[in-house]
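Each chain is listed here by its residues.
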Amino acid sequence: MPIWESRNSRVSAIVLLCCLFLSCFPGLIISAVVTLDSIEIYNTHEVLKVVEPSVYFVCKGENRIELPDVKKANELYKFKGEESWQPLTELSDKKCKRCGFYEKDTLKSDDIFDEWEFCSSEFTADGKYIRFKNKELNATFSCPECKTSVTASSSNSDSHQGGNRMHVALIILISVLVSTAFILGLVVAFKYWQKRKRQQEQARFLKLFEDGDDIEDELGLGNVI
Ligand SMILES: *[C@@H]1O[C@H](CO)[C@@H](O)[C@H](O)[C@H]1NC(C)=O
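Residues numbered from 1 in each chain as written. Predicted model: local features only at pLDDT ≥ 70, side-chain atom pairs only at ≥ 80, totals over all residues. Heavy atoms only, no water.

Draft legend 1. Seen up close, the nonpolar core. The biggest cluster of nonpolar side chains holds 28 residues, and the ones touching the most others in it are Leu-36, Ile-39, Phe-57, Phe-101, Phe-118 and Phe-141. Mapped onto this core, the elements with two or more residues apiece are strand 1 (31–41), strand 2 (55–59), strand 6 (97–103), strand 7 (111–118) and strand 9 (137–142). When residues in this core are grouped by element, the largest group, five residues, is from strand 1. Every residue in contact with Leu-36, bar those within four places of it in the chain, is listed here: Leu-67, Phe-79, Trp-85, Gln-86, Leu-88, Phe-101, Ala-139, Thr-140 and Phe-141. (Core = buried A, V, L, I, M, F, W, Y, C linked by side-chain atoms within 4.5 Å. Buried < 20%, exposed > 50% of the residue type's maximum accessible area, 1.4 Å probe, protein only. Helix = DSSP H or I, 4+ residues; strand = E, 2+ residues; numbered from the N terminus. Contact = heavy atoms within 4.5 Å.)

Draft legend 2. Here's a closer look at the sheet that holds strand 7. Taken in spatial order, the four strands of this open sheet run 3-2-6-7, and their pairing is antiparallel. Looking at strand neighbours, the two that pair on one side only are strand 3 (65–66) and strand 7, the edges of this open sheet. Note that strand 2 and strand 6 share five bridges and pair antiparallel. Within the sheet, the bridge partner assigned to Tyr-56 lies in strand 6 and is Tyr-102. (Pairing = 2+ DSSP bridges.)

Draft legend 3. A look at a nonpolar patch on the surface. A grouping of Leu-170, Leu-173, Ile-174 and Leu-177 is seen on the molecular surface, where their side chains present a nonpolar patch of about 400 Å² in accessible area. Mapped onto the secondary structure, Leu-177 falls in helix 2 (residues 144–224). (Patch = residues over 30% accessible without salt bridge, like charges linked within 9 Å, V, L, I, M, F, W, Y side chains within 5 Å. Areas by Shrake-Rupley, 256 points an atom, 1.4 Å probe, with all protein chains shown as cover. Salt bridge = Lys/Arg side-chain N within 4 Å of Asp/Glu carboxyl O.)

Draft legend 4. Geometry of the state of the cysteines. Tallied over the full model, the rule gives three disulfides. The residue that forms a disulfide with Cys-143 is Cys-146, at a sulfur-sulfur distance of 2.1 Å. Residues Cys-143 and Cys-146 are joined through a disulfide that is right-handed, its torsion about the S-S bond being 80°. Under the relative-accessibility criterion, Cys-146 is labelled buried at 0%. Numbered by order of appearance in the sequence, the disulfide-linked cysteines of the protein chain pair as 1-3, 2-4, 5-6. (Disulfide = S-S within 2.5 Å.)

Draft legend 5. Geometry of unusual backbone geometry. Between Gln-86 and Pro-87 the backbone carries a cis peptide bond, its omega angle lying at -10°. Here Asn-74, not a glycine, exhibits a phi torsion of approximately 60°, which is positive. Mapped onto the secondary structure, Asn-74 falls in the loop between strand 3 and strand 4 (76–78). The exposed category is assigned to Asn-74, whose relative accessible area is 54%.

Draft legend 6. Representation of the side chain of Asp-105 in the model. Position of Asp-105 among the secondary structure elements: in the loop between strand 6 and strand 7. Here Leu-107 takes part through its backbone nitrogen, which lies 3.1 Å from a polar atom of the side chain of Asp-105. Not counting residues within four places of it along the chain, the set of residues in contact with Asp-105 comprises Asp-110 and Asp-111. (Polar contact = N/O pair within 3.5 Å; in protein donor to acceptor, adjacent residues only side chain to side chain.)

Draft legend 7. Region of the structure containing the packing of aromatic side chains. In total, this model carries 16 aromatic pairs according to the counting rule given. Measuring from centroid to centroid gives 6.1 Å for Phe-101 and Trp-116, while their planes differ by 25°, and the two rings are stacked. On the criterion of sequence distance, the pair formed by Phe-101 in strand 6 and Trp-116 in strand 7 is long-range, its members being 15 residues apart. Residue classification places Trp-116 among the buried positions, given a relative accessible area of 3%. Following the ring pairs from residue to residue traces out a cluster consisting of Phe-57, Phe-101, Trp-116, Phe-118, Phe-123, Tyr-129 and Phe-141. The positively charged end of Arg-64 is found above the aromatic ring belonging to Tyr-56, 4.0 Å away from the centroid. (Phe/Tyr/Trp six-rings, centres within 6.5 Å; stacked < 30°, edge-to-face > 60°. Lys NZ or Arg CZ within 6 Å of the ring centre and 35° of its normal.)

Draft legend 8. Up close: the site of the ligand. What surrounds the ligand is the set Tyr-42, Leu-76, Phe-132, Asn-138 and Thr-140. One nitrogen or oxygen atom from the side chain of Asn-138 is found 2.4 Å from an oxygen atom belonging to the ligand. The protein chains hide 49% of the 360 Å² of surface that the ligand would expose on its own. Considered class by class, the residues forming the shell around the ligand number three nonpolar, two polar and no charged. (Near = heavy atom within 4 Å. Nonpolar A, V, L, I, M, F, W, Y, C, P; charged D, E, K, R; others polar.)

Below is the structure:
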């Protein structure tokens, strides 16, 4: 039946629209990639200073990022941001993360170099952030996307927020329109299908009658003969 075909194509169009719609969402929840530019540790927490420290970075609830190169205190390690373990994490412009640098310890619980609230708003206009803790570490981070949200929110916070709100409103409007159109389409298709079915039933009924008449005629004729 052609109606089913048109319905199927309508359904696939809706599925496509939904996918497009969902693909717009990651843009709403802005999360920016953070890489480690450099790190220098001033102290290892191992009792035996000959043992190489095993340093890692972690944000609460995320995977540990081991820093395999960082082995010596008082040495500056620089990174390009493309290393296999990069990026460190992602920051959203709404919420900070509790992150830190730690040193694995086999005997007792891991030692903390530093632990802090990592916020995208703390990155400077050129997308850099320096975390320095006396006698512990000096780490520099890079997050070019943090910069854009920070500069935008510091220079014209209101219009930026307004723009975001517009964006959300637009998406809601579009989704309402799309779902209304979808429901209307379904109703129309159903009505049409019902009408067609009724017509077909009527036709079949009439045909049955005609056939019945024919038989009766034949029977009547047979009686006469
Ligand atoms: C920390 O490291 C960065 C990059 O190497 C450097 O520019 C900065 O001066 C250092 N800060 C301190 C307090 O040593």
